[in-house]
Amino acid sequence: MTESLRMEVRVRAQHCCEYCLAQEIISHDPFSAEHIIPSAKGGKDELSNLAWSCLGCNFHKFTATTAIDLVSEEFVSLFNPRENSWDEHFKWNEDSTIIIGLTAIGRATINRLKLNREGLINLRAILVAAGKHPPILRK
């Protein structure tokens, strides 16, 4: 993957993880251009197949493209930032520390990628108090 392609993915995501919306500038871990359809499953190094991802989300997603929705108990596709709208599948709880799944895709993605990891919840609470969370993203 070229550095220019990686930078294009990063800028398009406004320097936020496209899954948990963690802000790169506040993270101590590196972010990366993650393959929505993994290379191991034929995914290409193309802008349409790449998402900006924090280390935690990338680690938990690994090569998965589906996960179980704990409500319907069925396997569904994971959230795809190129095809799905974050606001359609997720919302913040009242204090903006926990991501709530609105759809089977949202719930399965929260479960598989651990979008409400303890460290993320704690960081979100601190950032809310500082007026820096949730991020305001341009559509």
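Refer to the structure printed above.
Nothing here was measured: the structure is a model prediction, and the numbers come from that model. (Residues numbered from 1 in each chain as written. Predicted model: local features only at pLDDT ≥ 70, side-chain atom pairs only at ≥ 80, totals over all residues. Heavy atoms only, no water.)

Before going further, it helps to spend a moment on the side chain of Glu24. Looking at where Glu24 falls in the secondary structure, it is placed in the loop between helix H1 (3–12) and strand S1 (31–35). Note on Glu24: relative accessible area 14%, which makes it buried. Beyond its immediate chain neighbours, meaning those up to four positions away, Glu24 contacts Arg10, His15, Phe31 and Trp52. (Helix = DSSP H or I, 4+ residues; strand = E, 2+ residues; numbered from the N terminus. Buried < 20%, exposed > 50% of the residue type's maximum accessible area, 1.4 Å probe, protein only. Contact = heavy atoms within 4.5 Å.)

What follows covers the environment of Arg112. Residue placement: Arg112 occurs in helix H4 (residues 104–113). By relative accessible area, which is 32% here, Arg112 ends up partly exposed. Distance in space between the C-alpha atoms of Arg112 and Ser32 is 18 Å, their sequence separation being 80 residues. Here Arg112 is in contact with His60, Lys61, Phe62, Ala64, Ala67 and Leu78, once residues within four sequence places are set aside. A polar contact of 2.9 Å, which involves the side chain of Arg112, links it to the backbone oxygen of His60. (Polar contact = N/O pair within 3.5 Å; in protein donor to acceptor, adjacent residues only side chain to side chain.)

What follows concerns a nonpolar patch on the surface. Where nonpolar side chains cluster on the molecular surface, the patch consists of Ile25, Ile26 and Leu123 and spans about 280 Å² of accessible area. In this structure, Ile25 sits in the loop between H1 and S1. (Patch = residues over 30% accessible without salt bridge, like charges linked within 9 Å, V, L, I, M, F, W, Y side chains within 5 Å. Areas by Shrake-Rupley, 256 points an atom, 1.4 Å probe, with all protein chains shown as cover. Salt bridge = Lys/Arg side-chain N within 4 Å of Asp/Glu carboxyl O.)

In this section: the pattern of salt bridges. Tallied over the entire structure, the rule returns 5 salt bridges. Notably, a salt bridge pairs Glu3 with Arg6, separated by 3.5 Å at the nearest N-O pair. Placement of both Glu3 and Arg6 in helix H1 is noted, with a separation of 3 residues, approximately one turn of the helix. Judged by relative accessible area, which is 49%, Glu3 ranks as partly exposed. The partner of Glu18 in a salt bridge is Arg82, and the shortest N-O contact between them spans 2.7 Å. Here Glu18 is found in the loop between H1 and S1, whereas its partner Arg82 is found in the loop between strand S4 (74–77) and helix H3 (86–89), with 64 residues between them in sequence.

On their own, these measurements won't tell you what the molecule is for.
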